[in-house]
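# Descriptive structure summary
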Amino acid sequence: MLVYQTNKSGFLADAFTKDIEEVILAAFRARTGRAVSAAEVRSWKESLLAVAKVLNDDGIPEECGVAIEYGVPQTSKRIDFILSGADSTRREQLIIIELKQWASARKTDRDGIVSTRFEHGETQTSHPSYQAWSYASLLSSFNEAVYEGNTGLQPCAYLHNYIDDGVLTDAFYAHYVQLAPVFLKGESEKAKLRSFIKQHVRYGGAHSLLYRIDNGRIRPSKGLVECLSGMLAGRQEFVLIDDQKVVYETALSIATQASSQAKQVVIIEGGPGTGKSVVAINLLVALTARRQVAKYVTKNSAPRSVFEQTLAGSLRKTQISNLFSGSGAFTDTHANVFDTLVVDEAHRLNEKSGLYGNLGTNQIQELIGSAKCSIFFLDEDQRVTFKDIGEAAEIERRAYHAGATVTNLALASQFRCNGSNGYLAWLDNLLGIRPTANEHLAAHEFDFQVFDSPEALRREIFEKNKANNKARMVAGYCWDWKSKKNSNVRDVMIPEFGFAMRWNLTKDGGLWMVAPESVNEIGCIHTCQGLEVDYIGVIVGLDWVVRNGVTVTQPEKRSRHDKSLSGYKRLHEQNPAQAQQMADRIIKNTYRTLMTRGMKGCYVYFMDPEAARYVRSRIDGVAEGLALPKVAESAAKYGSSTPVESG
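First things first, this report covers the structure right here in the doc. Along each chain, numbering runs from 1 in the same order as the chain's sequence is written. Whole-chain, interface and lining totals are the exception, using all residues; otherwise, since this is a predicted model, local features are given only for residues with pLDDT of at least 70 and side-chain atom pairs are given and counted only at 80 or more. Side-chain figures throughout are based on the complete set of non-hydrogen atoms in the structure, without hydrogens or water.

Quick look at the sheet that holds strand 2 (residues 65-71) now. Hydrogen bonds along the backbone pair up the strands of a sheet, which may run parallel or antiparallel. In space, the six strands of this open sheet follow the order 1-2-3-4-8-9, with mixed pairing throughout. Both edges of this open sheet fall to strand 1 (2-7) and strand 9 (182-183), since each of them pairs with a single strand only. Any two strands are treated as partners once DSSP identifies two or more bridges connecting them. Secondary structure counts use DSSP, requiring at least four H or I residues in a row for a helix and at least two E residues in a row for a strand, with both numbered from the N terminus. Where strand 3 (residues 78-86) and strand 4 (residues 92-100) come together, six bridges link them in antiparallel fashion. Looking at the pairing, Ser84 lines up with Leu94 of strand 4. Strands in contact with helix 1 (residues 8-17) are strand 1, strand 2 and strand 3; relative to strand 1, the strand with the most contacts, it is inclined by about 110 degrees. By definition, residues are in contact when any of their heavy atoms lie within 4.5 Å. Note on method: axes are straight lines fitted to C-alpha atoms, helices fitted across the in-contact stretch only, with angles between N-to-C directions ranging 0 to 180 degrees.

Let us now look at helix 21 (residues 609-617). The classification of residues rests on relative accessible area computed with a 1.4 Å probe and restricted to protein chains. Under 20% of the type maximum is buried, over 50% is exposed, and intermediate values are partly exposed. Those residues of helix 21 that sit buried are Ala611, Ala612, Tyr614, Val615 and Ser617. Buried residues along helix 21 sit in contact with helix 16 (421-431), strand 16 (447-450), strand 22 (544-547), strand 23 (550-553) and strand 24 (598-606).

Let us now look at the pattern of salt bridges. Each reported salt bridge corresponds to a side-chain nitrogen of Lys or Arg within 4 Å of a carboxyl oxygen of Asp or Glu. Using the criterion set out here, one finds 36 salt bridges in the structure. Across the pair Asp339 and Lys372 runs a salt bridge, and its minimum N-O distance is 3.0 Å. Taken together, the residues span a long stretch of sequence, with Asp339 in strand 13 (residues 338-343) and Lys372 in strand 14 (residues 371-378) at a distance of 33 residues. What makes Asp339 buried here is its relative accessible area of 16%. Using a relative accessible area of 21% as the deciding quantity, one classes Lys372 as partly exposed. When the shortest N-O distance is used, the salt bridge between Asp534 and Lys600 registers 4.0 Å. Of the two residues, Asp534 sits in strand 21 (residues 533-540) while Lys600 sits in strand 24, which places them 66 residues apart along the sequence. What emerges from the salt-bridge pattern is a single network uniting Asp379, Asp381, Asp428, Arg434, Arg585 and Arg592.

On to helix 1, then. Among the residues of helix 1, those classed as buried are Lys8, Gly10, Phe11, Leu12, Asp14 and Ala15. The secondary structure elements touched by the buried residues of helix 1 are strand 1, helix 2 (20-32), helix 3 (38-55), strand 2 and strand 3.

Okay, the sheet that holds strand 6 (residues 113-118) next. The three strands lie next to each other as 5-6-7, forming an open sheet whose pairing is antiparallel. In this open sheet, the two edge strands, each paired with only one partner strand, are strand 5 (106-107) and strand 7 (121-126). The pairing of strand 6 with strand 7 spans six bridges and is classified as antiparallel. Pairing of Thr116 across the sheet is with Thr123, part of strand 7. In the packing of helix 10 (residues 243-257) onto the sheet, the strands contacted are strand 6 and strand 7, and the crossing angle to strand 7 comes to about 95 degrees.

Below is the structure:
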């Protein structure tokens with residue numbers, strides 16, 4: 001999505017005769033329905049005026065296209081400034097300009113990373129040239145008009161307040177500066193940027209190119225599963241963006257320096273779709289290439305099953321088993337046997353291991369003890385059983401007890417759910433996980449639809465699945481697993497709609513998300529967590545309902561076969577309030593996880609009609625007569641309940 005689009009003449013008129021920042025702000029609000037911070041508005045004013053002065057040159061065509069704030073499809077990233085035109089051969093060209101107001105930076109020892117001061121202090125971030133190049137790679141990856149149209153992409157960075165001190169142009173960063181030149185403060189630098197633009201844009205009249213980019217087809221995004229073999233073979237399948245790059249380089253540096261005498265623990269927190277697994281696999285590849293003894297570890301078997309099947313044709317079984325492991329395999333491991341353990345989905349770690357939960361002492365403790373460096377990727381809002389102990393505070397406590405140094409990092413950039421941070425914030429608010437400012441979901445944020453019947457939902461998912469086998473249906477575990485003993489029986493049955501589907505738990509197991517015919521079965525949290533599809537269809541059971549504007553969780557509506565709430569009844573007898581609080585969070589986390597498995601869309605059917613009406617009221621405005629959630633409701637009246645405003 002392009003926020004602002006015109007030609008050079010129109011842009012210069014807006015920049016020199018109007019308040020350009022107000023023009024962009026009005027366009028941003030009109031296109032997105034959202035506002036931006038005052039700091040970003042100020043940055044528009046300063047940076048866009050600086051660019052306008054560069055473009056105010058007769059040698060740059062008046063009719064070359066100008067686009068500002070382009071939202072890269074399926075990500076939360078925006079490209080600052082794009083120029084379009086044609087070079088001397090009439091080949092269409094896009095010049096991507098990453099704008100920075102930095103005045104200083106410091107060199108680091110990490111590839112493509114510098115340190116600079118922001119509003120809240122100094123921090124490490126991507127080198128501007130790396131950022132510009134990586135955004136150009138994103139644009140090429142996701143936009144059909146660029147990928148198929150033989151369009152030249154010319155990224156660069158312009159730091160109009162930065163006096164050259166040799167840091168950004170240091171030989172250490174030469175590779176990225178060559179890919180995306182960096183231009184700094186001063187008349188000579190301004191002249192260099194003009195020359196760069198003139199070299200690639202000799203002719204204007206490329207408005208159609210900007211139109212095709214803004215309205216063109218979005219290319220299918222690459223999934224981790226499809227790219228796994230290439231990654232392990234050393235190919236760069238994903239370009240790490242912004243915080244992904246910083247986290248990756250930081251963790252890699254720490255893991256390289258760790259030793260038995262200087263144990264390290266890295267805790268990386270990130271929500272759904274922030275690239276935790278992509279960074280984790282990249283770390284595994286890099287550490288293995290450095291001849292470290294490293295493993296990728298998960299508690300949930302589904303991701304490992306999918307990865308192992310994907311690699312079966314390119315690696316021997318022994319090689320695969322040396323790379324991937326369950327979290328319960330370290331109960332008897334000697335100290336520091338591994339150089340690095342990369343622990344994905346660490347929020348799912350348990351205290352005990354084994355089929356009967358009677359082995360070992362504590363999985364977090366065992367993982368830390370087994371390696372010189374342990375890297376934990378987690379999202380505490382994806383803890384979905386009573387046994388899940390993966391919390392940052394608990395990992396820190398175990399790390400300090402083991403004498404390890406702890407480093408905390410975060411991933412924030414969104415690459416799932418159409419790149420919509422707004423959707424995730426809205427979902428947290430909607431489900432009652434935490435209050436956010438996103439009480440309503442704008443239609444353009446994400447393809448989220450509430451269906452009137454489960455049968456209509458199934459038909460839509462089946463239709464979406466025809467394209468590339470990347471659509472699945474899931475449900476809350478509110479139906480018994482009857483087909484375990486009789487495969488002819490259907491489990492998830494909603495008779496009033498003639499709807500009946502079988503749980504996936506028997507036939508495909510952990511491979512359900514990728515098995516060719518598994519769309520005919522319905523999945524649950526245990527076979528989809530840690531994986532993703534293009535479209536996810538979710539049936540929300542009666543364990544999450546709405547009563548008089550209050551979100552209510554009903555643990556008793558869960559199936560007796562569901563082990564997620566194992567221990568709830570016993571705890572309820574001892575401490576009812578604590579039991580209700582834990583069950584409430586697990587149910588909400590489960591639906592949050594299910595509703596964030598879709599890259600492009602999430603379609604939902606609610607068993608509770610009031611819940612359906614309530615959720616619809618939160619999409620593009622509140623329906624008349626439906627109240628917002630109330631805090632002052634009696635939990636006892638509705639069973640285990642938590643108002644949306646509570647955390």
